[in-house]
Amino acid sequence: MRDAVIVDAVRTPIGKRGGGLADIHPGDLTAHVLTALADRVGFDPATVDDVIWGCVSQVGDQAGSVGRVGVLAAGWPESVPATVVDRRCGSSQQSVHFAAAGVIAGHYDIAIAGGAESMSRVPMGSARGDGAPYPPSVLDRYGVEGFNQGLGAEMMAERWGLDRGRLDEYSARSHERTAAAVDAGAFDAQIAPIVGGLAHDEGLRRGTTVEKLAGLSTPFAADGVITAGNASQISDGAGALLVTSSEVAERNGWTPIARIHTAALAGDDPVIMLSAPIEATRKALDRSGLAVDDIGAFEVNEAFAPVPLAWQAEIGASDDVLNPVGGAISVGHPLGGSGAILMTRLVHHMRDNRIRYGLQTMCEAGGMANATILELL
């Protein structure tokens with residue numbers, strides 16, 4: 001039976017909204033990581049069977065099938081096809097799942113999985129316009145007038161007993177861990193700097209403390225606990241991974257970093273919206289035959305601080321292996337690009353620290369989640 005392996009993974013620096021990547025078209029962000037990946041691995045782009053690209057807001061500058069636009073912008077042969085995936089925040093993690101499934105099935109020999117999002121150029125919610133994505137049948141089912149991630153984060157904090165101090169403490173830790181990773185050079189090998197522009201993740205705020213975070217307002221509820229400081233930053237960025245089989249990798253003289261060991265999905269309450277990573281993780285562990293203690297690094301996307309903290313309370317992972325190099329609170333969350341960016345961070349962290357198994361999971365709008373287990377090779 002064929003397997004699916006990651007030969008290499010690369011990402012842009014993550015730019016702040018209106019920051020160092022804001023002037024770059026998302027098609028060119030895509031082209032940047034495609035070109036960097038080809039240069040690093042040394043493959044002929046003409047051999048790529050498909051580019052599977054995550055993107056959430058597929059309007060405006062991201063309306064023209066941004067994966068295909070990126071292929072053309074990179075100067076790759078016109079024969080290279082591409083498609084765009086939308087599973088909300090988990091779009092490019094789902095791209096990896098689709099690429100792995102295609103490789104294992106024999107539909108692909110070489111696939112590029114990844115994603116991009118320019119939230120500076122295409123603001124979150126742009127795709128909705130004046131439309132009503134939820135019909136009365138759905139709203140009536142849940143007794144709500146709409147769905148809101150910020151309110152879902154407030155509900156999650158209340159359900160798991162997470163007070164403002166705990167959330168802000170976790171958020172300050174995210175910045176501390178990212179700062180330590182930057183200072184140790186942990187991201188240097190995975191980032192493809194923008195020539196003449198951004199070379200490092202832009203959102204890090206060194207010296208962030210619980211005391212500083214305590215002064216921020218709570219926009220979703222007057223007496224709430226969710227603030228801009230304990231939620232993910234609005235960002236721009238892209239990431240790409242080369243997915244193939246061990247056999248094809250050997251034939252090309254490539255040494256894969258990791259095997260895509262297990263993939264799982266879950267759905268949960270769309271009102272609270274953010275709790276599905278818990279069940280997705282349980283499904284992935286059950287399917288893999290692994291235990292929590294077998295996993296040496298967990299990437300649980302920091303959409304809001306209650307997400308990894310509630311996940312940790314249910315799964316029981318130790319603090320030192322949960323988001324060991326920080327996360328979206330400290331560097332940002334470029335929606336459709338985040339899954340690929342997180343997986344790039346995870347696979348490099350595993351290789352650098354000789355960690356056999358890593359698990360990544362992300363909450364997604366609608367109450368969904370992906371979970372992926374990687375095995376170091």
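Structure report, in brief. Fair warning: this is a prediction, and the values are worked out from it, not measured in the lab.

Parameters at a glance
- Residues numbered from 1 in each chain as written.
- Predicted model: local features only at pLDDT ≥ 70, side-chain atom pairs only at ≥ 80, totals over all residues.
- Heavy atoms only, no water.
- Helix = DSSP H or I, 4+ residues; strand = E, 2+ residues; numbered from the N terminus.
- Expected span 1.5 Å × (residues − 1).
- Buried < 20%, exposed > 50% of the residue type's maximum accessible area, 1.4 Å probe, protein only.
- Contact = heavy atoms within 4.5 Å.
- Polar contact = N/O pair within 3.5 Å; in protein donor to acceptor, adjacent residues only side chain to side chain.
- Pairing = 2+ DSSP bridges.

Here's the deal with helix α12 (residues 338-353)
Phase 1: The end-to-end C-alpha distance of α12 is 22 Å, a good match for the 22 Å that 16 residues give at a rise of 1.5 Å each.
Phase 2: Burial analysis of α12 places 13 of its 16 residues in the buried class, the great majority of the element.
Phase 3: Of the residues trailing α12, Arg-354 is marked for its positive phi of about 50°.

Some thoughts on helix α5 (residues 149-159)
It helps to recall that an α-helix has 3.6 residues per turn; residues three or four apart then point in one direction.
Phase 1: The complete set of buried residues in α5 reads Gly-150, Gly-152, Ala-153, Glu-154, Met-156 and Ala-157.
Phase 2: In this structure, the buried side of α5 is in contact with α6 (164-183) and α10 (306-315).
Phase 3: Measuring from the backbone nitrogen of Gly-150 back to the side-chain oxygen at the start of α5 gives 2.8 Å, which picks out Asn-148 as the cap.
Phase 4: Count one or two residues on from α5 and you reach Gly-161, which has phi positive near 65°.

A closer look at the pairing of strand β9 (residues 357-364)
Phase 1: Counting buried residues along β9, 8 of its 8 residues qualify, which places the element largely inside the surrounding structure.
Phase 2: Burial along β9 is two-sided: Tyr-357, Leu-359, Thr-361 and Cys-363 facing one way and Gly-358, Gln-360, Met-362 and Glu-364 facing the other are all buried.
Phase 3: Both strand β8 (residues 297-300) and β9 contribute to a ladder of 4 bridges, which runs parallel. Paired with Glu-299 across the two strands is Gln-360, which belongs to β9.
Phase 4: Here 8 bridges tie β9 to strand β10 (residues 368-376), and the two strands are oriented antiparallel to one another. Bridge assignment links Leu-359 to a residue of β10, and that residue is Ile-373.
Phase 5: What sits between β9 and β10 in their antiparallel hairpin is a turn of 3 residues, with Gly-366 showing a positive phi close to 90°.

What to know about the environment of Ser-118
Phase 1: Along the chain, the position of Ser-118 falls in strand β5 (residues 110-118).
Phase 2: Sequence-wise, Ser-118 and Pro-81 are 37 residues apart; in three dimensions their C-alpha atoms are separated by 22 Å.
Phase 3: Ser-118 has contacts with Ile-24, Pro-26, Gln-62 and Asp-236, leaving out every residue within four places of it along the chain.

Brief notes about the environment of Val-10
Phase 1: In this fold, Val-10 is placed in strand β1 (residues 5-11).
Phase 2: For Val-10, a relative accessible area of 0% corresponds to the buried category.
Phase 3: C-alpha separation for the pair Val-10 and Leu-34, spaced 24 residues apart in sequence, amounts to 8.6 Å.
Phase 4: The contacts of Val-10, once residues within four sequence positions are left out, are Val-33, Ala-36, Leu-37, Arg-40, Gln-190, Ala-192, Gly-239, Ala-240 and Thr-344.

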